[in-house]
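Structural characterization, general
Listed here are the chains, written in short residue letters.
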Amino acid sequence: MVGSSTGKWELIWPFFLILILHCVAILLYTRGFLLTRTELSSFSHCSDVSHSPCFPRHSSDLSNSSSSPSRNLSMTDRVEAGDRNGRCWTRPAVDRLVVIILDALRFDFVAPSTFFDENMPWMDKLQVLQKLASDEGSSARIFKAIADPPTTSLQRLKGLTTGGLPTFIDVGNSFGAPAIVEDNLINQLVQNGRRVLMMGDDTWLQLFPNHFEKSYPFPSFNVKDLHTVDNGCIEHLFPSLYRDDWDVLIAHFLGVDHAGHIFGVDSTPMIEKLEQYNAILEKVIEVLKNQSGPGGLHENTFLLVMGDHGQTLNGDHGGGAVEEVETSLFAMSLKEPPASVPSELDTSTCKLDPNGTKTCFSSIQQLDFAVTIAALLGVPFPFGSIGRVNPELYALSAGTWNQPTINATNWSNLEEWMQTYVNVLCINSWQVKRYIDVYSASSVIGFPSEDLLRVADIYAQAQDEWTNILNNSFLSGNEIQDKRFDTSLFTLRKLIDAYSEFLESVAELARSKWTEFDLKMMGLGLGIFVFSLFIHFVAIRRATKLHQVSFPSVGDSGISFRSIFALSVVAIRACSVLSNSYILAEGKVANFLLVTTVFLNLRYSVKKKKMLMEVVVFLLLISILRFTVEIGLSKNAVSTVFMKGIFGGQITLIFIAEIMPMLTLILLGYLLYKTINGNSCWRILSYLLITGTLISYVFVALHWTLESDMFAKQLVFKGIGRNFAPQVIYAIGFGLLILLVFAQAFMPKEDAMNYGGILVSKTVAMLSVWSSTIIILLGRQGPLVSLGSIIGGWCIIRLHNSELDQNHGNVGALTTNPLPVTQWNLLAVCLFFSSGHWCAFDGLRYGAAFIGFDEFILVRQAILLAIDTFGVSHILPIFGLPFLVSLQYPCFQSKQAKRILLVKLLQVFLIYGLITAMTTMFTIICVTIQRRHLMVWGLFAPKYVFDVIGLILTDVLICLASLYYFCQIEDDTTQDRVMKKCSSSEKGL
């Protein structure tokens, strides 16, 4: 026997072929599915408005208008005259803008608790905003802002500034946002002479690298850090409010977002952050009001306090829940109260608070933010914006126009405002129509022609009505200066409705048809994926031939009842992803199917009166996993915060919660010692592995002690820092992994007579190398999840070993029973969900990426996040698969046994990979069918991304595992010789 690569590659080359096919299929399908809207290179300019139909075109009228005093011009004349005097599109309603962004600001953080069924602890903390909005005659209002999913910060900032809908592929850029290349609000401000000052979240600087007059960015991805970004904003915000070197100030706070990610909404750190923000806003408003008098620095300043998205009670935000897409926007003008808006444009909802004060809030789409702010500041609307100038937000600044009109005493403020708003809507609609025309002509697919004709008809009707009004407004001769819009409120309302209908139709069309799916590319990718499944089946059949024996009855076992049952379970789980409800409940589905398979074991155990304890233990474990899926264990695990919430702060129970993970860690160390110790073949290596892993466990316990509120205060060595212990653990784990690779390449030839025992030792060694890193990333739940995986694996192996006994230990069985492999796969899925992960971007535990580090480095943090996400669901189960083979035949020894066990291991890896591939294929079919579904970006697309990443990771890990476990195989010259040896060895048993 030699360490020939010929024998090894003879067995494992299908793994690499399948990996290549999956990569090609997923790459092609992803390019077709995640093709998003085309970003146009066009930009809006001041001069563009002269081509719009929103202004008079009669030259004689223009000359008369220009020769008359500005105070004698109609509204459209004044806008056009303003454009000739260097203004753009609309006259600016405000001079300066202060935007304070409180990241992940839920709507119920700002709105009074009277608007909700239950008064929660985090409500009514931002009282300064509520008071200003409820004051009679106030120029302030609270808005419920509706975001478009997905709601990661990058998409929201991009959507807020471009006025377009978010694109799903940008989610992957949230850890390294590219600069925005399409037209946007920040670019329009800079191009038109506005000075923009930014402070806070450094994502702004990544999106707009060369746009800010001054910037004070702070790192934003360390979710454990609640204060660095906020303190930086505070440091620069208040001095800036006294300076006149900016026109737009943006301060982006992150404390609430990070507090939600780490502690949840219902937590003391969250409430403390909200109270801190209330104090900050009180001071900001005081500074603005003190300088808002005539000639003051903030005489015409507009204040916005807003969130970019909301968050769930667990602090997550991906766009799948109402709490995530609903955020708040508080707007306040420092001028006199604005004119009221027509009732049909008023979306406000009002209630009385306990003190009897009337408080109202309105609604706004975040899609409308960019164009509304552009109209207020008097800059061109971003070219790609499809939003509508929000009437209520725009009306808050109506009191700042203060422009004289002819016969003003005969016209109400409402009519004056409506005339202005109609003109703005005309420009708004013209800009949107221009954009969709250019987009449809430039994009590969564009919008469907029937939809374009429909919205074009709506626009034409509105524009005809506008033209009639415009023509009636400009009479010949001297009548021009004595006539204004010869309209009634009814006509103005009708025109506003027409333009609003057009803008709403375009937004609806964009939401339903925006993504440009390349069906040919998607079909090609899906076809290659189906072909890869065919190759998978061929590889399994090939493994069966390699393991062919001379017993015909055994040879027919490949289509046994258990095989059909296992295939049915896999098919049911795969088909479940075709329903959005089952995707949301995927962890429960996997748990139910796992229980179903155990009942087959229970039937056998009752019939044979053996292994009843293993069945009971397995069912109890599955029940616990079902409970942990329900409560979302990962966010709180057995942390002090979680236990305080459950046990009301009882010290004894909290102490048990602190100690239990450490006791479990000791048990894991003992099990590792008993398993590896005494292996004569790996004596030195075993000693190093045991020592290194146990030292890592000690540092895990040390790290938790330093993190604990109960112990850390009494520790004099707390000054060594909480980052030191995790870094030591990572270093030890990496060193042991290198040691295993080195030993694998240069260790002596293995004893074929005891290869089953050697395979067990190699598997335990690999799992122990990964265990400490995975445990510390999972937090205090890590040892419990690891122990659960050990117990579950032990039960699966014991149950199926007992069933093999009825075959008298016949290792020559033709095929590996697929039922234990199916249970192994379902257990891995249950562990993924029970450890608090789920297939959505808000299911990523970002805090794990910063365990041991404070600064953000993309590659390092991405690796840690990947290990935390896929550790117990992919890394440990795949490297633990040899247990299904080696522990089923612990006493079988012969020279041919090694080859037989390796072929069986080949079958196990292939079956496991096939189960994962089948589920992923149905996910691909699902997103193909549901690509126009309302929840495609909030639910189906994240599920697709997680599944394809999980599949590729599974293939890669199987390839690496095959290189690790399949080394030093006997050099058989031909496949016939292998089959002959296998057959002869079986006949001799």
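Heads up: the structure comes first, above all this text.
First, a word on what this report is: a plain description of the structure on this page. (Residues numbered from 1 in each chain as written. Predicted model: local features only at pLDDT ≥ 70, side-chain atom pairs only at ≥ 80, totals over all residues. Heavy atoms only, no water.)

This paragraph deals with the state of the cysteines. Enumeration according to the criterion identifies 3 disulfides in this entry. Paired by a disulfide, C46 and C88 hold their sulfur atoms 1.3 Å apart. Disulfide C46-C88: torsion about the S-S bond near 75°, hence right-handed. With C46 in the loop between α1 (5–33) and α2 (59–67) and C88 in the loop between α3 (75–84) and β1 (96–102), the pair connects residues that are 42 residues apart, well separated along the chain. Assessed through its relative accessible area of 23%, C46 is described here as partly exposed. Disulfide pairing is shown between C350 and C360; the S-S distance is 1.8 Å. (Disulfide = S-S within 2.5 Å. Helix = DSSP H or I, 4+ residues; strand = E, 2+ residues; numbered from the N terminus. Buried < 20%, exposed > 50% of the residue type's maximum accessible area, 1.4 Å probe, protein only.)

Across the sheet, 9 strands lie side by side as β4-β3-β5-β1-β6-β7-β2-β9-β8; this open sheet has mixed pairing. Either end of the sheet is taken by a strand with one partner, and the two such strands are β4 (214–218) and β8 (349–352). Averaged over all adjacent pairs, the angle separating strand axes in this sheet is 15°, with direction ignored. Looking at chain direction, β8 and strand β9 (residues 358–365) are connected through 4 bridges and run antiparallel. Residue T349 lies in a different strand from β9, and its bridge partner there is F361. Contacts from helix α9 (residues 228–241) reach β1, β3 (196–201), β4 and β5 (248–253) within the one sheet, and its direction differs from that of β5 by about 155°. (Pairing = 2+ DSSP bridges. Axes fitted to C-alpha atoms, helices over the stretch in contact; angles between N-to-C directions. Contact = heavy atoms within 4.5 Å.)

In terms of residue burial, β1 counts as a mostly covered element, since 7 of its 7 residues are buried. Here β1 shows two buried faces, one formed by R96, V98, I100 and L102 and the other by L97, V99 and I101. As paired strands, β1 and strand β6 (residues 301–306) are joined by 6 bridges and run parallel to one another. Its bridge partner being in β6, I100 is matched across the sheet by V305.

Moving on: a negative patch on the surface. Together, D497, E501, E504 and E508 make up a negatively charged patch on the protein surface. Within the secondary structure layout, D497 lies in helix α17 (residues 489–513). The class for D497 is partly exposed, based on a relative accessible area of 40%. (Patch = residues over 30% accessible without salt bridge, like charges linked within 9 Å, V, L, I, M, F, W, Y side chains within 5 Å. Areas by Shrake-Rupley, 256 points an atom, 1.4 Å probe, with all protein chains shown as cover. Salt bridge = Lys/Arg side-chain N within 4 Å of Asp/Glu carboxyl O. Lys, Arg positive; Asp, Glu negative; His and termini not counted. Charge placed at Lys NZ, Arg CZ, Asp CG, Glu CD.)

Glancing now at the nonpolar core. F909 and Y965 are the most contacted members of the largest nonpolar core, which has 147 residues in total. The leading source of residues in this core is helix α34 (residues 897–929), at 19 residues. Among residues more than four places away in sequence, those in contact with F909 are F15, I878, L881, P882, I958, A961, Y965 and F966. Counting residues in hydrophobic clusters, the runner-up holds 83 residues, among them L165, V248, I496 and F502. (Core = buried A, V, L, I, M, F, W, Y, C linked by side-chain atoms within 4.5 Å.)

With respect to the element layout, V181 can be found in the loop between α6 (153–162) and α7 (185–191). In contact with V181, not counting residues within four places along its chain, are E39 and F43.

Applying the stated criterion to the full structure yields 7 cavities of 30 Å³ or more. Here the largest cavity is characterised by a volume of approximately 300 Å³. In terms of lining residues, the largest cavity is bounded by 21 residues, among which R573, V829, H874, T916 and D947 are the most central. Those elements giving two or more residues to the lining of the largest cavity turn out to be α31 (818–834), α32 (858–879), α34 and α35 (936–965). (1 Å grid on protein atoms, 1.4 Å probe; cavity = no way out; pocket = protein on both sides within 12 Å on 5 of 7 lines; lining within 4 Å. Points joined across faces, edges and corners; volume = space filled by probe spheres on them.)

Right, let's get into helix α5 (residues 127–134). Of all 8 residues making up α5, 6 are buried, and the element is well covered by its neighbours. By the burial criterion, the buried members of α5 are V128, L129, Q130, L132, A133 and S134. Those residues of α5 that are buried are in contact with α4 (107–110), β2 (140–146), α11 (268–290), β6, β7 (326–333) and β9.

Look at α31 against α32: their axes get within 8 Å of each other, and the N-to-C directions meet at 165°. Here α31 is positioned roughly antiparallel relative to α32, judged by the angle of their axes. At the point where α31 passes α32, the crossing takes the right-handed sense. Packed against α31, whose contacting residues are W824, A828, L831 and F832, the element α32 presents T869, V872, S873 and P877 at the interface. Looking at the contact of α31 with α32, its residues break down into 6 nonpolar, 2 polar and no charged. (Parallel < 35°, antiparallel > 145°, perpendicular 65-115°, else oblique. Left-handed = near helix turned anticlockwise from the far one by under 90°. Nonpolar A, V, L, I, M, F, W, Y, C, P; charged D, E, K, R; others polar.)

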